[in-house]
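Structure assessment
Given next are the chains, with one letter for each unit.
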Amino acid sequence: MTFKDLGIIEPILKALEAEGYTHPTPIQEQSIPILLEGKDLLGCAQTGTGKTAAFSIPIIQHIHNEVVHEKGRRKVKALIVTPTRELAIQIGENCTKYGKFAGVNNTVIFGGVKQSAQTRALNNGVDILVATPGRLLDLMNQGYISLKDVKYCVLDEADHMLDMGFIHDIKKVIAALPKQRQSLFFSATMPQSIVKLSQSILGTPEKVTIKPEQATADKVEQALYYVSKKSKTKLLVHLIQQNEIDSVLVFSRTKHGANKIVKQLDKVQIKAEAIHGNKSQGARQRALENFKNRETRVLIATDIAARGIDVSQLELVINFDLPNIPETYVHRIGRTGRAKNSGIAISFCDIEERAYLRDIQKLIDFKIPVVTQHPFADEVEELPTKKAPTRGQKNHTRPQRRSGGTDNRSSDRRANSSENRGDGNRNSNSSGSESRSSGSSDNRSGNKPSGNWRSKRR
Ligand code: AMP
């Protein structure tokens, strides 16, 4: 199957060729024909599958075919709403690439920066508007944006928009759209809340699902290191030095944790930078550029700030902390193994994270291979039993496990949600909820051979 077989027009084919795209990815192969027919689409897919091209190419094609009839200043004909600034910028860049020979333009709006450049771009006329919800509503309320000519609407990463508390903003935006439109709805996960939201937006959609397993296990080599919380940084340094890694994206669950890792790496002359919601948009962009240019070897990111990080040839992702939401693991490791590259995802797991690990493995339906041969191995490999500690007994080794329906995920989701809503003035100053120290002292086996994932791959 080629892009031409999918019915894509010449100017877009030319742009795709310039990008080096030879074949459509599965989500593109399945979605593009549906979208070119003008049908609504419910897509269950994560970033890294090629979903941006899957939804933006048909939109560009429709607009290209219709725009000849448009007179005067360009009106917003397509609206793409996405949760974070990084994702918005990324989608805008991709639309520019795919639309450059089709004469279809776009602009990107997001919070945390002055609005004047954005309102100027809007006043000049825009075909495709890519926006985060907060700034979008803000500029709509100020009269800079009218959605009355929108024919194509995309809700991207819907699960994250709900996690980040954007539900009311989304509903207001949807209410302002014309009834007659093509709607596209993408989410990596489909819990009941998302299904309900999608039903309120879509007509009778076609459905396309790219399973996380397909997106992860197939292309990303995964490895697990049991390590105590206090030895994680030592293990990180060890892996970077041992394997001469010159580019790695490291995930930290909290902003404070990310800053701490940067400081610790700095002490051993490993150049690292952090991106998270407490950093200004400029600082985040600079850190990302430095990482892309390989000036910074290690980029430490929190989940929300990392959304949309698109670094080609990213070979390695390290989960310094395991995420408490299993789907986030899939999102994270999707940073590597993108479209045509394969990648490696290494996860550190301390005693308190065993319950998270169990949930992740259940979701991906795969037992992540454990690397035991490293100097910081935490030898307690079995999950502790669920039994609560008896009175007087310290519970410092008990993992923060989820129990029944009332688990700690909802509060953690709220903690995450305040970090970055694509709307700088809403950033929280909280450093997030770092899990308690396990207190387990286990840095024992200095005489063990060291963990070398490069040699293990061969
Ligand atoms: P996305 O899931 O939209 O974030 O895309 C992930 C990455 O895959 C981006 O770097 C795209 O430029 C790239 N990509 C998308 N479609 C293709 C394709 N058909 N061939 C090669 N690379 C692609």
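Here, every reference points to the structure presented above.
Model, not experiment: these values are computed from the prediction.

**Points about the side chain of Thr82**
When you line up the elements, Thr82 lands in the loop between strand E2 (78-81) and helix H4 (85-99). Among the polar contacts listed, one links the side chain of Thr82 to the side chain of Asp156, at a separation of 3.2 Å. If near-sequence neighbours (up to four positions away) are discounted, Thr82 is found in contact with Leu87, Ala88, Ile91, Val130, Ala131, Thr132, Pro133, Asp156 and Met161.

**Here we look at the side chain of Thr107**
You can see Thr107 is positioned in strand E3 (residues 106-109). When near neighbours in sequence (up to four residues on either side) are disregarded, Thr107 contacts Ala121, Leu122, Val126, Ile128, Leu129 and Val130.

**As for the sheet that holds E2**
Within the open sheet, the seven strands sit side by side as E3-E4-E2-E5-E6-E1-E7. Their pairing is parallel. Since the sheet does not close on itself, it has two edges, and those belong to E3 and strand E7 (206-209), each with one partner. With direction set aside, neighbouring strand axes in the sheet form an average angle of 15°. With four bridges joining them, E2 and strand E4 (residues 128-131) adopt parallel strand pairing. Bridging across to E4, Ile80 finds its partner in Val130.

**Structural notes on the nonpolar core**
Residues Ile8, Ile12, Phe55, Ile80 and Ile128 are the most contacted members of the largest nonpolar core, which totals 39 residues. Looking at this core, the elements that each hand over two or more residues are helix H1 (10-19), helix H2 (26-36), helix H3 (51-67), E2, H4, E4, strand E5 (152-155) and strand E6 (182-187). In terms of residue count, the dominant contributor to this core is H3 (seven residues). Ignoring any residue separated from it by four or fewer positions in sequence, one finds Ile128 in contact with Ile59, Ile60, Ile63, Ala78, Ile80, Cys95, Val104, Asn105, Asn106 and Thr107. Residues Leu129, Leu136, Phe185 and Ile201 belong to the second largest nonpolar core, which totals 31 residues.

**Overview of the pairing of E2**
When a strand is regular, its side chains alternate between the sheet's two faces. Neither face of E2 is exposed, since Ala78 and Ile80 on one face and Leu79 and Val81 on the opposite face are all buried. Sheet topology places E2 next to E5; four bridges connect them, and they run parallel. Directly across from Leu79, in E5, lies its bridge partner Cys153.

**Quick notes on the packing of helix H6 (residues 133-141) against helix H8 (residues 167-175)**
At their nearest, the axes of H6 and H8 sit 9 Å apart, and the two run at 45° to each other. The orientation of H6 relative to H8 falls into the category oblique. By crossing handedness, the relation of H6 to H8 is classed as left-handed. Each of Pro133, Gly134, Leu136, Leu137 and Met140 in H6 lies in contact with H8, whose residues at this interface are Asp169, Ile170, Lys172 and Val173. Along the lines of polarity and charge, the residues of the contact of H6 with H8 split into six nonpolar, one polar and two charged.

**Observations concerning H8**
Buried within H8 are the following residues: Asp169, Ile170, Val173 and Ile174. Seen from one end, H8 has its buried residues packed into an arc of 135°, which puts them on one side. Opposite its buried face, H8 presents the exposed residues His168, Lys172 and Ala175, each directed more than 90 degrees away. If you follow the buried residues of H8, they end up packed against E2, H6, E5, helix H7 (158-163) and helix H9 (192-201).

**What about the site of the ligand?**
Surrounding the ligand, one finds 15 residues, the nearest of these being Tyr21, Gln28, Gly48, Gly50 and Thr52. A distance of 2.7 Å separates a nitrogen atom of the ligand from a polar atom in the side chain of Gln28. Looking at the shell around the ligand residue by residue, the classes come out as four nonpolar, eight polar and three charged.

**Some points on the packing of aromatic side chains**
In this structure the tally under the stated criterion is four aromatic pairs. Measuring from ring centre to ring centre gives 6.3 Å for Tyr225 and Phe348, while their planes differ by 65°; the resulting arrangement is edge-to-face. Placement of Tyr225 in strand E8 (residues 220-226) and of Phe348 in strand E13 (residues 343-349) is noted, with a sequence separation of 123 residues between them. Ring centres 5.9 Å apart and planes at 50° place the aromatic pair Phe320 and Phe348 in the tilted group. Separated by 28 residues along the polypeptide, Phe320 in the loop between strand E12 (316-319) and helix H15 (326-333) and Phe348 in strand E13 bring together distant segments of the chain. Each member of the pair, Phe320 together with Phe348, is buried.

Conventions and cut-offs
Think of each chain on its own: its residues are numbered from 1, step by step along the sequence as written. Confidence filtering applies because this is a predicted model: local features only for residues at pLDDT of at least 70, side-chain atom pairs given and counted only at 80 or more, and all residues used for totals across whole chains, interfaces and linings. Side-chain calculation: all heavy atoms of the structure are included, whereas hydrogens and water are not. Only DSSP runs of H or I with at least four residues qualify as helices, and only runs of E with at least two residues qualify as strands; both kinds are numbered from the N terminus onward. Here a polar contact is recorded for every N or O atom pair within 3.5 Å, except that within protein the pair must consist of a potential hydrogen donor and a potential acceptor, and residues adjacent in sequence are included only if both atoms are side-chain atoms. Here, residues are in contact when the closest pair of their heavy atoms is within 4.5 Å. Strand pairing is assigned whenever DSSP detects at least two bridges linking the two strands. Angles here are taken between N-to-C directions and fall from 0 to 180 degrees, while the axes themselves are lines fitted to C-alpha atoms, restricted in helices to the stretch in contact. Nonpolar cores were defined as sets of buried Ala, Val, Leu, Ile, Met, Phe, Trp, Tyr and Cys residues, with membership established by side-chain atoms within 4.5 Å. Buried residues are those whose accessible area, probed at 1.4 Å on protein chains only, stays under 20% of the maximum for their type, while exposed residues exceed 50% and partly exposed ones sit between those limits. The scheme is simple: roughly parallel for angles under 35 degrees, roughly antiparallel for over 145, roughly perpendicular for 65 to 115, oblique for anything else. Take the far helix as the reference: if the near one is turned anticlockwise from it by less than a right angle, the crossing is left-handed, and if turned clockwise, right-handed. Three classes are used, and their members are as follows: Ala, Val, Leu, Ile, Met, Phe, Trp, Tyr, Cys and Pro are nonpolar, Asp, Glu, Lys and Arg are charged, and the others, Gly among them, are polar. Throughout, the arc means that of the directions going from the helix axis to the C-beta atoms. Residues are counted as near a molecule or strand when any one of their heavy atoms sits within 4 Å of it. What counts as a ring pair is set by centres within 6.5 Å for rings of Phe, Tyr and Trp (its six-membered ring), and what kind of pair is set by the plane angle: stacked under 30 degrees, edge-to-face over 60, tilted for all other angles.

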